[in-house]
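Structural overview for review
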Amino acid sequence: MAKNQSLLQVLSLFTLILLTSCGSVQKVAVGTTGSLMYEATKGLETQGNWDNFKDGTLANLTLVDGLLHLKPEDTELLVTAIKGYTGYAFAVNETLYLADYYQDIMDSKNKNQAIYNYAKAFSYGLKFLESEGISWDTLIKSQNKEGGVVEVLDNHLSKNMLHYEGVLFAAQALGGMINLQKTDMALVASLPVVKGMFDWVCTNKPDINFGTCQIFYGTYEAARPRMLGGNPEKGKEIFLKLIAEQPNNWLARVSFIQYYIIPMLEEDDYATQKFFMETATRKHYKELLGKPSRPTEKDFEEPRLRLYQSLAVKRFEIIKKYEEDLF
């Protein structure tokens, strides 16, 4: 948290200087800051304290908004904003909404905030795509053409991490909006575009972000009704394969619980994953104490997994609280 606050203080001072500088100097300086902000998102993934992430991230995103006002076409800033608002909506707003959902709270502020932040992320996503010559109308029309969304993205984007993340998180933002507003048929009709965007990223970079692709495809299969092409058994296979390949990405396990085990009422599978997550939760809180004499456990050897792990713990705690009502 202190690290994030220090970065925010430095960049806030820098932004104040920019606002009093001439336009050409501003754009050069913002471009340098854009690279710094984009690289800093990797550091946020090492945040093992979910509450610190919740409390500290929005201020940084507001700063990104301000920088984009100065240089709206900066690709690194756009991708930072897409990634940041999508990540916050998913990790914080949707996580808090999970408790509302299990309590049948109809008018949930957390749900609305998730939608708002996903919408903001996707608006930046559209600007990113437009800056690369891709309009929303082109993506929609491509669904009826050979090659579809994947071919459009192939023709306009470079195969580098910046473009992969821009497309990935824009797709996740749109997918999140759809998942939270399933009665909006016009919005639901955009789901094939979401899948096409994921297909482009995941074909070229299947291991991106420790299993994000597999979590999407597992959820995509498990959460859709069979009459709409869903295949829960296939979804289960995808989740179990990911869990075997990425045992320290606890979010894979909790997503398996949330999107397959609970809807399918698989109590035996829940007992297995519950046992693992209870052990993982104890390790997680022990690790947060940070005693220097204790060696790092294998679960925490990849620092960038800490945010995924802390999110998984938070969601598991909510699920466990309401488990008697769920099974």
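Below you will find a few notes about this structure. (Residues numbered from 1 in each chain as written. Predicted model: local features only at pLDDT ≥ 70, side-chain atom pairs only at ≥ 80, totals over all residues. Heavy atoms only, no water.)

A closer look at the state of the cysteines
Considering all chains together, one arrives at 1 disulfide under this definition. Between the sulfur atoms of Cys-202 and its disulfide partner Cys-213 the distance amounts to 2.0 Å. For the disulfide bridge between Cys-202 and Cys-213, the dihedral angle about the S-S bond is near -95°, and by the sign convention the bridge is left-handed. A residue pair is termed long-range when its members are at least 10 positions apart, and Cys-202 in helix α10 (residues 191–204) and Cys-213 in helix α11 (residues 212–223) qualify at 11 residues. Given the relative accessible area of 9%, Cys-202 is considered buried. (Disulfide = S-S within 2.5 Å. Helix = DSSP H or I, 4+ residues; strand = E, 2+ residues; numbered from the N terminus. Buried < 20%, exposed > 50% of the residue type's maximum accessible area, 1.4 Å probe, protein only.)

Re the layout of surface pockets
Looking at the second largest pocket, its volume works out to about 680 Å³. If you trace the second largest pocket, you find 22 residues lining it, with Tyr-97, Tyr-101, Asn-179, Lys-182 and Gln-258 closest to the centre. Mapped onto the lining of the second largest pocket, the elements with two or more residues apiece are α4 (75–102), α8 (161–180), α11 and α13 (250–264). Looking at the lining of the second largest pocket, the element that brings in the most residues is α4, giving 6 residues. Across the lining of the second largest pocket, the residue classes tally to 13 nonpolar, 3 polar and 6 charged. (1 Å grid on protein atoms, 1.4 Å probe; cavity = no way out; pocket = protein on both sides within 12 Å on 5 of 7 lines; lining within 4 Å. Points joined across faces, edges and corners; volume = space filled by probe spheres on them. Nonpolar A, V, L, I, M, F, W, Y, C, P; charged D, E, K, R; others polar.)

Quick look at the nonpolar core
Among the nonpolar cores identified, the biggest contains 94 residues, and Leu-153, Val-167, Met-197 and Ile-319 are the most heavily contacted of them. Examining the composition of this core, we find that 15 residues originate from one element, α4, more than from any other. (Core = buried A, V, L, I, M, F, W, Y, C linked by side-chain atoms within 4.5 Å.)

Some details on the pattern of salt bridges
Enumeration according to the criterion identifies 17 salt bridges in this entry. A salt bridge links Glu-45 to Arg-304, with the nearest nitrogen and oxygen atoms 2.5 Å apart. Linking Glu-45 in the loop between α2 (23–44) and α3 (50–70) with Arg-304 in the loop between α14 (267–289) and α15 (306–321), this pair joins segments that are 259 residues apart in sequence. Here the salt bridges share partners, and the residues they tie into one network are Glu-221, Arg-224 and Lys-234. (Salt bridge = Lys/Arg side-chain N within 4 Å of Asp/Glu carboxyl O.)

What to know about unusual backbone geometry
Phi is positive for Asn-209, close to 55°, though the residue is something other than glycine. Positionally, Asn-209 belongs in the loop between α10 and α11. Phi is positive for Phe-210, close to 60°, though the residue is something other than glycine. Take Phe-210: it is sitting in the loop between α10 and α11. According to the relative accessible area criterion, Phe-210 is buried, its value standing at 14%.

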